[in-house]
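# Coordinate inspection notes
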Amino acid sequence: MGGYGSYIWASYGIAALAMIILLIMTLRGLRQSQTELDQLETVLKARRPRRARTTDQSPTS
């Protein structure tokens, strides 16, 4: 590598480390978003119960 091998391998190492850190941060954020979504869906289900459909309602044409 013409005497530049240490610089080249160091740059590869830094780039790989940065990519691993970004992957970990992304997965943590995804997990946190999924937990928050599950909590919000639970609250929504508790606040707005479904209405029962009645058979006497006819669709309008």
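Below: a short report on this structure. As the structure is a prediction and not an experimental result, all values here were calculated from the model. (Residues numbered from 1 in each chain as written. Predicted model: local features only at pLDDT ≥ 70, side-chain atom pairs only at ≥ 80, totals over all residues. Heavy atoms only, no water.)

### Details of the overall build of the protein
Secondary structure assignment for the protein yields 1 helix and 0 strands. By the burial criterion, 2% of the 61 residues in the protein qualify as buried. Within the structure as shown, the protein displays about 6500 Å² of accessible surface, and the carbon and sulfur contribution to it stands at 61%. (Helix = DSSP H or I, 4+ residues; strand = E, 2+ residues; numbered from the N terminus. Buried < 20%, exposed > 50% of the residue type's maximum accessible area, 1.4 Å probe, protein only. Areas by Shrake-Rupley, 256 points an atom, 1.4 Å probe, with all protein chains shown as cover.)

### Digging into a nonpolar patch on the surface
Among the surface-exposed residues, Leu17, Ile21, Leu22 and Met25 lie close enough to one another that they form a single nonpolar patch of about 410 Å² accessible area. Along the chain, the position of Met25 falls in helix H1 (residues 5-47). On the accessibility criterion, Met25 (54% relative accessible area) is exposed. (Patch = residues over 30% accessible without salt bridge, like charges linked within 9 Å, V, L, I, M, F, W, Y side chains within 5 Å. Salt bridge = Lys/Arg side-chain N within 4 Å of Asp/Glu carboxyl O.)

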